[in-house]
Amino acid sequence: MPLTWFWLAVALAFGVGEVLSTALYAIFIVLGAVAAAIAAQLGFDLPVQVIVLAVVSVLGVVVARPPLMGYLRRRHVPEMVSGAQSMVGRDAPVIEDIGGTHDAGHVRVDGESWPAISEAGTPIAAGSVVTVVGLKQTTLVVREAPAPEPAAKEG
């Protein structure tokens, strides 16, 4: 009976370790320790309990962990982009002339003024519309947005 409590303590310790690491290794030692506790309760001697612990733990890591990790990777939601990174791909009006690659101007995105430089190094006049194509530290890298095509007249 005392070994039953020992195996349950081992299971508890590795359970806490799994919660802290979330690597999905310790959980199989938890299952092995619980199986060893059951073996102890059924009256098997220590070598059998250790073998049960080892077999259940190793089988769990080898057989169950790979598909479990694959399932978790498939369910992983892409990271949410925020701040300046969320502006990439958006159009913005130029509110202060952009002089080129090293002469930042400003664009307005969501009501905020952001420093911006030209991707091509060419000046972009205030009043133009640009597309944000990247970031250089905290400065937006922009290129002139293509002009909208005129609507076809119905005739």
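One can find the structure itself at the top, above this paragraph.
Draft legend 1. Here's a closer look at the packing of aromatic side chains. Tallied over the full model, the rule gives one aromatic pair. Relative to Trp7, the ring of Phe6 lies with its centre 5.0 Å away and its plane at 65°, an arrangement referred to as edge-to-face. Judged by its relative accessible area of 44%, Phe6 is partly exposed. In this structure, Arg65 is placed above the aromatic ring of Tyr25, and the distance from its NZ or CZ to the ring centre is 3.9 Å.

Draft legend 2. Looking closely at the nonpolar core. Residues Ile98, Val107, Val109, Val130, Leu140 and Val142 are the most contacted members of the largest nonpolar core, which totals 13 residues. Contributions of two or more residues to this core are made by β1 (91-96), β2 (105-109), β3 (112-118), β4 (129-136) and β5 (139-144). Apart from residues lying up to four places away in sequence, Val142 is in contact with Ile98, Ala116, Ile117, Ser118, Glu119, Ile124, Val130, Thr131, Val132 and Val133. By size, the runner-up hydrophobic cluster in this structure holds nine residues, among which are Trp7, Val30, Ala37 and Ala40.

Draft legend 3. Looking closely at helix α1 (residues 2-21). Over its 20 residues, α1 extends 29 Å from the first C-alpha to the last, a length consistent with the 28 Å expected when each residue adds 1.5 Å. All of the buried residues in α1 are Thr4, Trp7, Val10, Ala11 and Glu18. The arc that holds the buried residues of α1, viewed along the axis, is 120°, so those residues lie on one side. Opposite the buried face of α1, at more than 90 degrees from it, the exposed residues are Pro2, Trp5, Leu12, Val19 and Leu20. On its buried face, α1 sits against α2 (26-41) and α3 (46-75). Looking at the residues trailing α1, positive phi occurs at Thr22, about 50°.

Reading the values: the criteria
- Residues numbered from 1 in each chain as written.
- Predicted model: local features only at pLDDT ≥ 70, side-chain atom pairs only at ≥ 80, totals over all residues.
- Heavy atoms only, no water.
- Phe/Tyr/Trp six-rings, centres within 6.5 Å; stacked < 30°, edge-to-face > 60°.
- Buried < 20%, exposed > 50% of the residue type's maximum accessible area, 1.4 Å probe, protein only.
- Lys NZ or Arg CZ within 6 Å of the ring centre and 35° of its normal.
- Core = buried A, V, L, I, M, F, W, Y, C linked by side-chain atoms within 4.5 Å.
- Helix = DSSP H or I, 4+ residues; strand = E, 2+ residues; numbered from the N terminus.
- Contact = heavy atoms within 4.5 Å.
- Expected span 1.5 Å × (residues − 1).
- Arc of directions from axis to C-beta.

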